[in-house]
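Structure at a glance
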Amino acid sequence: MKARLFARYGPERGRDVEFGSEATIGRGRDNTVVLVSPEVSQKHARVRFDAGASAYYLEDLGSLNGTRLDGAAVEGRERLAGLHLLSFGDTAELFFVELDRGPQEPAASEIGDAADRTRVDAEAPTLPPGLRSPAAPRPPGSTTRVEETPATLPPALAGDRSAVAERPAAVSRFVLEVEGPTPGSFPLAEGDNLVGRAHRAAIRLRSRELSRRHATLRVAGDSVWVRDEGSRNHTFVDGREITGETELAVGAELRFGHLVARLGLAQPPAGGGEEE
């Protein structure tokens, strides 16, 4: 397993390090990735591969200015997958990318003198239907018309952003009322609603009590269910820790760690009652 840490912007621009099971980040010269920013501690953070989980994890090493993963503060270990932006203090940033295992290089004996020739016997990959045009067979000896109209591309690939605007999710009649120092009322959409610190969470709360993916509230018609997503501080319903998906009643108390919330009903707009 291999991964890369690289910078494209800021004072660390140009740094590019490929590593295997572990990489440390900091100002000290003994780190795998040495950063020059004064915001960075001598031993700031570490990325380590966990063979048991078959995944890389990011952890802060008690730095003075903290470590952030995709904008959210890192507490304990945070799992990495795909591409992420890692921030160290306020000025140093690195991209993390996990490298896929590519095909092995052919042995020299298998290459022979073919290195000097172009392979023409390999089949071209099959294109998706949206990228293929139903061209009629050409008679032998015919030439290619370079002015011919190309295949019609799907709107998302043709650059027509107006044609691919996302449809808003259907909002249910339920809301999550969050209590505490940062109270708020969050309408729940039909389907899954992720609660946590992740950027893509439907209910994103900047609280140290929450994991990046803490819990999911699932709305199915007139029913609401909650399940914990393996959070660090666990999820509770009416004071009891849940271990599986649990149905909620209106008014039920939820706790994400020590953060308290309640399931409520959305208030109808003024004058929006049913007509007589």
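Residues numbered from 1 in each chain as written. Predicted model: local features only at pLDDT ≥ 70, side-chain atom pairs only at ≥ 80, totals over all residues. Heavy atoms only, no water.

**Considerations on the overall build of the chain**
The criterion, for reference: Numbered from the N terminus, helices here are DSSP runs of H or I no shorter than four residues, and strands are runs of E no shorter than two. Partly exposed residues are those whose accessible area sits between 20% and 50% of the maximum for their type, while under 20% is buried and over 50% is exposed, using a 1.4 Å probe and protein chains only. Contact criterion: two residues are considered in contact whenever any of their non-hydrogen atoms come within 4.5 Å of each other. Where accessible areas are quoted, they stem from the Shrake-Rupley method and a 1.4 Å probe; at the residue level, only the protein chains shown are allowed to cover.
A tally of regular secondary structure across the chain gives two helices and 22 strands. Here the chain, with 276 residues, has 32% of them falling under the buried criterion. Relative to all contacts within the chain whose residues are 6 or more apart in sequence, the contacts with residues 24 or more apart total 35%. By element, 51% of the accessible surface of the chain is carried by carbon and sulfur atoms, the whole surface being about 18,000 Å².

**Notes on the packing of aromatic side chains**
Keep this limit in mind: Here is the rule: rings of Phe, Tyr and Trp (six-membered ring for Trp) pair when centre to centre is within 6.5 Å. Planes less than 30 degrees apart are stacked, more than 60 are edge-to-face, and the remainder are tilted. Criterion for a charge above a ring: Arg CZ or Lys NZ at most 6 Å from the ring centre, at most 35 degrees from the ring normal.
Summed over all chains, the structure comprises four aromatic pairs. Pairing F6 with F95 gives two aromatic rings, centres 5.5 Å apart and planes at 25°, and the pair type is stacked. With a gap of 89 residues between them, F6 in strand β1 (residues 2-6) and F95 in strand β11 (residues 92-99) connect regions that are remote in the sequence. On the basis of an interplanar angle of 80° and a centroid distance of 5.7 Å, the ring pair of F19 and Y56 is categorised as edge-to-face. Residue F19 is located in strand β2 (residues 16-19), and its partner Y56 is located in strand β6 (residues 55-60); the two are separated by 37 residues in the primary sequence. In this structure an aromatic cluster arises from ring pairing among F19, F49, Y56 and F96. The cationic tip of R4 hangs over the ring face of F6; the distance from NZ or CZ to the ring centre is 4.5 Å. If you follow R77 out to its NZ or CZ, it ends over the ring of Y57, 3.9 Å from the centre.

**Some thoughts on the sheet that holds strand β9 (residues 77-80)**
To keep it simple, the criterion reads: Only when DSSP finds a minimum of two bridges between them are two strands counted as paired.
Taken together, five strands build an open sheet; the order of strands is β4-β3-β5-β6-β9 and the sheet is mixed. Edge strands, defined here as strands with exactly one partner in the open sheet, are β4 (33-34) and β9. Judged from the six bridges that link them, strand β5 (residues 45-50) and β6 form a sheet pairing that is antiparallel. When the bridges of β6 are listed, R48 appears paired with Y57.

**Regarding the pairing of strand β3 (residues 22-26)**
The element β3 is largely enclosed, with a buried count of four among its five residues. In this sheet, β5 lies alongside β3 in antiparallel orientation, the contact comprising four bridges. Each bridged residue has a counterpart across the sheet, and for A23 the counterpart in β5 is V47. Pairing between β3 and β4: two bridges, direction parallel. Pairing of G26 across the sheet is with V34, part of β4.

**As for the environment of G62**
Looking at the element boundaries, G62 is found in the loop between β6 and β7 (67-69). What makes G62 exposed here is its relative accessible area of 66%.

**Things to note about the sheet that holds strand β22 (residues 259-265)**
Judged by pairing direction, the sheet is antiparallel, and its six strands sit side by side in the order β13-β12-β22-β21-β18-β19 without closing on themselves. Two strands close off the open sheet at either side, each with one partner strand: β13 (184-189) and β19 (240-241). The pairing of strand β18 (residues 235-237) with strand β21 (residues 253-256) spans three bridges and is antiparallel. Bridge pairing in β21 links T235 to F256.

**Remarks on the environment of T243**
With respect to the secondary-structure elements, T243 resides in the loop between β19 and β20 (246-248). Residues T243 and R227, 16 residues apart in the sequence, show an inter-C-alpha distance of 7.6 Å.

**A closer look at unusual backbone geometry**
Despite not being glycine, D70 shows a phi value in the positive range, around 55°. Its place among the elements puts D70 in the loop between β7 and β8 (72-73). Within the chain, D238 stands out as a residue other than glycine whose phi angle is a positive 50°. Within the element layout of this structure, D238 appears in the loop between β18 and β19. What makes D238 partly exposed here is its relative accessible area of 46%.

**Description of the pairing of strand β12 (residues 171-178)**
Pairing of β12 with β13 involves five bridges; the strand directions are antiparallel. In the strand pairing of β13, V175 is matched with P187. Once β12 ends, the chain turns through five residues before running back antiparallel as β13, passing G180 with a positive phi of about 100°. Pairing analysis gives five bridges linking β12 to β22, with the strands arranged antiparallel. Note on β22: the bridge partner recorded for V178 is A261.

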